[in-house]
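# Residue-level structure breakdown
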Amino acid sequence: MTVDHPQRRSPLAHLTAELAATPVGVSLSEVPFLTQLNLRVDPLGRAARAVEEALGATLPTAANTAVAAGDLDVLWLGPDEWLLVAPEGRQESLEKSLRQAIGTEHGAVVDLSAHRTTVELSGALARDLLAKGCSLDLHPAVFTTGSCAQLPLAQAPVLLLARDSEMPRYWLLVRTSFAPYVAAWLLDACVEYAASGP
Amino acid sequence: MSLYRLPDRGRVDRSTPVTFTYNGSPYTGYAGDTLASALLANGVHQVTTSIKYGRPRGIMAAGPEDPNALVQVETPFPEPMLTATTVELYDGLVASGLSGQGRLATEPDPARYDAMHQHCDVLVVGAGPAGLTAALTAARSGARVVLLDDQPEAGGSLLGTTELIDDRPALEWVEAAVAELDSLPEVRVLSRTTAFGFYDDGFVLALERRTDHLGFAAPEHLSRQRVWRLRAKHVVLATGAHERPVVFADNDRPGTMLAASARTYLHRYGVRCGQRAVVFTTNDSAYQAAVDLADAGLEVAAVIDARPQSPAGWAAECAERGIEVRSGHVVTGTTGHERVIRAHVAQLTDGRPQLRSGIGCDLLLVSGGWNPAVHLFSQAGGRLSYDDALGAFVPSSSLEAVTVAGAARGTFQLDGCLADGGEAAQRALAGLGRPTAGGTPPRPSAAHESAERPLTLWTVPDPDEQHAGATQFVDLQRDATVADVLRATGAGLRSVEHVKRYTTIGTAHDQGKTSGIISSGLVAQSVRAGIADLGTTTFRPPYTPVSFAALAGRDRGHLHDPERVTPLHLLHVAAGADFEDVGQWKRPRYFPRAGEDMDTAVLRECRAARESVAMMDASTLGKIEVEGPDAAELLDRLYTNLMSSLKVGFIRYGVMCGVDGMAIDDGTVMRLADDRFLLTTTTGNAAKILDWMEEWLQTEWPDLAVRLTSVTEQWATVALVGPRSRDVLALVAPELAVDNDSFPFMTWREAMVAGVPARVCRISFSGELAFEVNVSGWDAVTLWEALLAAGESYGITAYGTETMHVLRAEKGYPIIGQDTDGTVTPQDLGMSWVVSKKKPDFIGKRSFARAENQRADRKHLVGLLPVQRDILLPEGAQLVADPQIGPPPVRMLGHVTSSYRSAALEATFALALVKGGRDRIGQTLYSTVGDELVPVTVAEPVLYDPEGARRDG
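Residues numbered from 1 in each chain as written. Chains lettered and ligands numbered in written order. Predicted model: local features only at pLDDT ≥ 70, side-chain atom pairs only at ≥ 80, totals over all residues.

## Points about the overall build of chain A
What counts, and what does not: Each helix is a run of DSSP H or I of at least 4 residues and each strand a run of E of at least 2, with the numbering of both proceeding from the N terminus. Exposure criterion: with C-beta atoms placed from backbone coordinates, a residue whose C-beta has 20 or more other C-beta atoms within 10 Å is buried, one with 12 or fewer is exposed, and one in between is partly exposed. A pair of residues counts as a contact when their C-beta atoms, built from backbone coordinates, are within 7 Å of each other.
Check the secondary structure of chain A and you find five helices and ten strands. Dimensions of chain A, computed from C-alpha atoms along their principal axes, come out at roughly 65 × 45 × 30 Å. The buried share of chain A, taken over its 198 residues, is 47%. The contacts in chain A between residues at least 6 apart in sequence include a share of 58% that link residues at least 24 apart.

So this is what it looks like as structure tokens:
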């Protein structure tokens, strides 16, 4: 079903200007409308192999890791749960191919594209910014590129993905109801860098 | 230059004079001073009077252990209960002394506070000689190191002494060490940072005072204080030691100070604390103070050493400077008022002071030995033991991944501290599997060898036998004396914890840093027990006081608690909605028009829903997708009614109970496919119900092939309610057959609505013809605006939660959590129909058979109609049978759970839980309204359209 979305709104669209006005060392932006599907399947079953073939990507089995295959990211969420993140507009085709691959085996595919939005955070100060509200060790040797984690950032549950841990670039996947809070929290965390200088 | 400020000593910045006001008088100090050092430089010892007896009290120490110097800082922002010895001086500081109690600001604090998480391999607490060596050793191996110190600059005890390291002044070594640490990328050195709590698994909380010392110049964008949440693989505690006094009569007189503190004031701040000093000691360390003060031009009248023999080396140094040494003597008391003018000295023979003589002085320095700062070690669960030779408690057990180094474990000599720090780091690195890098250990100057062991002396016998101990102060802040301790033990107390509570010793801001061990020693003496057996009171966080503002950090104002919003929130704000908090959600409560109060707005919104069409944002409902071959079986076990018989395309209302049979949630279940359901939960219960379901699935029924996924924010939901709702829906969903036969009650359809894909449900929470339209959150605005436009000619009205409540209450629909309180069954709610008689089992079923659940006088949900039709009963009001309240106990029959004004009934009404309520229908009860009792008629809970005629439009 192709639909024209004249008024489709992303959860942080109204904060675009504020997010763009961050101080040197921090970049913040919403990456709206990404395709996000939740996949539940037995990692050892036939269906998992079929899914991997359909995706052209392995389903990571190490806790809190993600793999990237082309423009698709596969995030480990649990022993039998993954989040697939793909560019905008792929939910229907992806859901269909996943359901086909799973076949009659027990699995679940749920479209969560609008459930969370994505905030990209990058820059030299990105780690410091996160460290103000995230209890995980984000040292690049520890939270390496491709690490992901579900954790509270300040008081909001987020899904954190290190897209690049050396030149730090993170994705925060945030439930849309919490997105304005997270954005406000991040902007507030920038204040000390905003006015720095002599 | 004042009489007390020496021109050639100290680390204060003479080029930056600073003016400040204390107790109303103007003074001058220097950048680098503390408030205490600046006062002492101006000859001011007395800072306040004591809380209970109003006795003059002075500065006694140079650090956070000071029991007296509590001040209220007024500028730039009022802050109570700071210690003058830890307040760094800044220009324009206004402060005054406190007698034990401060005063909070009445204005909100404009400063920022924040928190930072930090992980490391080795955390070193304390940047004295042991800590610096430990940090250097660890850092040179490439480990991630954090070094904390509570002072503005590193050095610890070296800041107040004159030692040499590697043949140059120790502070040059310190400077080089800090520079090296700063140059390493994996090292963070935090000054002005106090570790105040040590918890399990290397978790340490520390407070960094980032801009306090800048006063008015503090930049607004920086947080004033920061709480560091540190997680270390290994913690090295190099926290040093606190000197403790000896207790004697009138030992609280200003001018009485700890000996090493006076030495610190001399070397670090260039301040001599008096003109003529008497030094009273039980150990060698105070001799250094006497010698240094004499070298700085003070007249040191005498060193009074309680030990029978004074140390030969030190005695010689004193003799060189003409300082008289009296061994085997004690100070028994003082003379003076606002300042000591004479020390009373007597020979100690067989533990009894002999004839006393007076020595004139304006400074009485005391050293009763050193207490290792074991606070953090003890907080983390480390055990302490009493070291007889030191007369102090030291760490005795080993804690995993914790090493104590230097004075904190009773190693008081510089060479020992330097060696200890290095060894501690090596132990830490070994535990982490890291090799130690090479390097020459620092080498200190030679110290005096001492042949004389320290003497443990808690208190000098009181010459005033009539009131023994009445002016011998143990805890100066609490005005608690030796007499108080003896009173406690005389009352039969033996535990140091009990004595602490009885006397309040150790309960003030300083937590007994100078008094706690003395109190233990006194109890031991008094009950003739060993202090080793009595132990100490428990060390608890925080090590030093931490303000609530710092702990709150940035969780203030709009960040205090997350405000969850729906995709329609900005539209609601623009429409002027009044919001209410439902859990963390912000939901529109009503949409007032110009001049409307809540009552009028809600009556208007209700009329629109009952008479034409109205709409509400229902996106906050929890939504859970249930998928798998056993999905229906799981729902059958969780809900009280049967769900497996539901057909695809249909919807069923369901109730969940706890194992006790009490209702915990309700909602609707849509069957999406044979093996897929979508259920809704109440707004506030979404996370709890998902956890509840997962708990049963994962722990009790792992055999069920079902998977649960929260989809709460995937969908935005708009409820379209009222007799004209079908007309409006038809306009925005032209391809959807909306007539009653094609789209009956409790079914759902997929359709394009407002040009976007939607799931439309025919369900009603108002009794009216109603639909709930679910679209992707991205499309919520499109849907909302399309419905508003399509309904314009029908006067479509947006409504909020208050109207929703009135509409549902008129129909007797309960809200779980408002009309229930965890003790209410579905049967109590009059919903026996929702409890399956066919299913073999479900959660809660067993409890329904209990005798308690069968009682006829259980509380039932009923309607109430006030006899006087415009009286609004307060929710929570108690209900009684009689029009007069008799003598207590008054028999309560129940209470009002929901109460509203109804446009449809043209009256007020309420729902209530009433004992045996269904048997009282038609009866009159009485409800409290303020101080009055008003008559109410008990009614069926369904007050509006009881036959359900309006459901299909």
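After that view of the structure, there is still more to cover.
## As for the interface of chain B and chain A
Our working definition: Note on residue classes: Ala, Val, Leu, Ile, Met, Phe, Trp, Tyr, Cys and Pro are nonpolar, Asp, Glu, Lys and Arg are charged, and everything else, Gly too, is polar.
Listed as interface residues are 41 residues of chain B and, on the opposing side, 41 residues of chain A. Within the residue set of the side of chain B that touches chain A, elements represented by two or more residues are β8 (112–125), β15 (223–237), β34 (622–627), β38 (707–710), β41 (756–761) and α19 (780–790) of chain B. Looking at which element gives the most residues to the side of chain B that touches chain A, the answer is β8(B), with six residues. Among the residues forming the side of chain B that touches chain A, the class breakdown is 16 nonpolar, 14 polar and eleven charged.

## With respect to the packing of helix α2 (residues 129–140) of chain B against helix α8 (residues 414–432) of chain B
All names here are of chain B. Operational definition: All axes are obtained by fitting lines to C-alpha atoms, using only the stretch in contact for helices, and the reported angles, taken between N-to-C directions, cover 0 to 180 degrees. By the definition used in this description, the sense in which the near helix is turned from the far one sets the handedness, with an anticlockwise turn below a right angle giving left-handed and a clockwise turn giving right-handed.
It is the contact of α2 with α8, at a shortest axis distance of 7 Å, that shows an interaxial angle of 35°. As α2 packs across α8, the resulting crossing turns out to be right-handed. Note on element contacts: α8 touches α2 through L414, C417, L418, D420, G421, G422, A424, A425, Q426, A428 and L429, opposite P129, A130, G131, L132, T133, A134, T137 and A138. The residue inventory of the contact of α2 with α8, partitioned by class, reads twelve nonpolar, six polar and one charged.

## Observations concerning the sheet that holds strand β9 (residues 156–164) of chain A
Residues and elements named next belong to chain A. Inclusion rule: In short, DSSP must find at least two bridges between two strands for them to pair.
An order of β1-β7-β10-β9-β8 is seen for the five strands of this open sheet, with the pairing classed as antiparallel. With partners counted over all chains shown, the strands left at the sheet margins are β1 (27–31) and β8 (148–153), one partner each. Geometrically, the sheet is characterised by an average inter-axis angle of 30° between neighbouring strands, direction not taken into account. Inspection of the sheet shows β9 paired to strand β10 (residues 169–175) by six bridges, in the antiparallel sense. The residue of β10 that forms the bridge with L159 is L173.

## Remarks on the domain arrangement of chain B
Heads up, the condition is: Domain boundaries shown here were taken from an automatic or database domain assignment.
Structurally, chain B comprises domain 1 (13–106 + 247–367), domain 2 (113–242 + 370–445 + 546–560), domain 3 (473–529), domain 4 (569–617 + 714–807), domain 5 (622–710) and domain 6 (856–946). Taking only C-alpha atoms, the centre of domain 5 of chain B and the centre of domain 6 of chain B are 34 Å apart.

## Points about the environment of S619(B)
All names here are of chain B. Summarising the element assignment, S619 is placed in the loop between β33 (614–617) and β34. Spatially, the C-alpha atom of S619 lies 9.7 Å from that of V775, the residues being 156 residues apart in sequence. Not counting residues within four places of it along the chain, the set of residues in contact with S619 comprises T566, P567, L568, A716, T717 and A780.

## Things to note about the nonpolar core
Residue and element names in this part refer to chain B. This is how it is decided: By definition, a nonpolar core groups buried Ala, Val, Leu, Ile, Met, Phe, Trp, Tyr and Cys residues that connect through C-beta atoms lying within 7 Å of each other.
In this structure, V279 and L365 are the most contacted members of the largest nonpolar core, which totals 176 residues. With eight residues, the single largest contributor to this core is α8. Residues in contact with V279, not counting those within four places in the same chain, are A259, A286, A289, A290, V300, V303, I304 and L365. Judged by nonpolar contacts, the second largest core, of 109 residues, contains M670, A716, A733 and F909.

## Observations regarding the pairing of strand β14 (residues 203–209) of chain B
Two faces make up the sheet, and in a regular strand the side chains alternate between them. Residue and element names in this part refer to chain B. Of all seven residues that make up β14, five are buried, and the element is covered over most of its length. Two successive antiparallel strands, strand β13 (residues 193–198) and β14, enclose a turn made up of four residues, where D201 displays a positive phi of approximately 55°. As paired strands, β14 and β15 are joined by seven bridges and run antiparallel to one another. Pairing of A206 across the sheet is with W228, part of β15.

## Focus: the domain arrangement of chain A
Many analyses report the size of an interface as the accessible area lost when the parts associate. All names here are of chain A. Here chain A is described as being made up of domain 1 (13–33 + 115–194) and domain 2 (35–111). Put simply, the middle of domain 1 and the middle of domain 2, counted by C-alpha atoms, are 24 Å apart. Facing the ten residues of domain 1 at the interface are ten residues of domain 2. Contributions of two or more residues to the side of domain 1 that touches domain 2 are made by β8 and β9.

## What about the packing of helix α10 (residues 496–503) of chain B against helix α11 (residues 516–527) of chain B?
Residues and elements named next belong to chain B. Counted only if it meets this: Roughly parallel means an angle under 35 degrees; roughly antiparallel means over 145; roughly perpendicular covers 65 to 115; every other angle is labelled oblique.
The interhelical angle for the contact between α10 and α11, taken along N-to-C directions, is 110°, at an axis separation of 10 Å. By the criterion of interaxial angle, the relationship of α10 to α11 is roughly perpendicular. For the element pair α10 and α11, the recorded crossing hand is right-handed. The residues of α11 that touch α10, namely those facing V496, V499 and K500, are S519, S520 and V523. In terms of residue class, the contact of α10 with α11 is made up of three nonpolar, two polar and one charged.

## Quick look at the sheet that holds strand β24 (residues 363–367) of chain B
Residues and elements named next belong to chain B. Spatially, β17-β24-β18-β19-β20 is the arrangement adopted by the five strands of the open sheet, whose pairing is parallel. Because the sheet does not close on itself, it has two edges, and the strands there are β17 (256–258) and β20 (324–327). The sheet shows a mean angle of 20° between the axes of neighbouring strands, direction not considered. Pairing analysis gives four bridges linking strand β19 (residues 299–305) to β20, with the strands arranged parallel.

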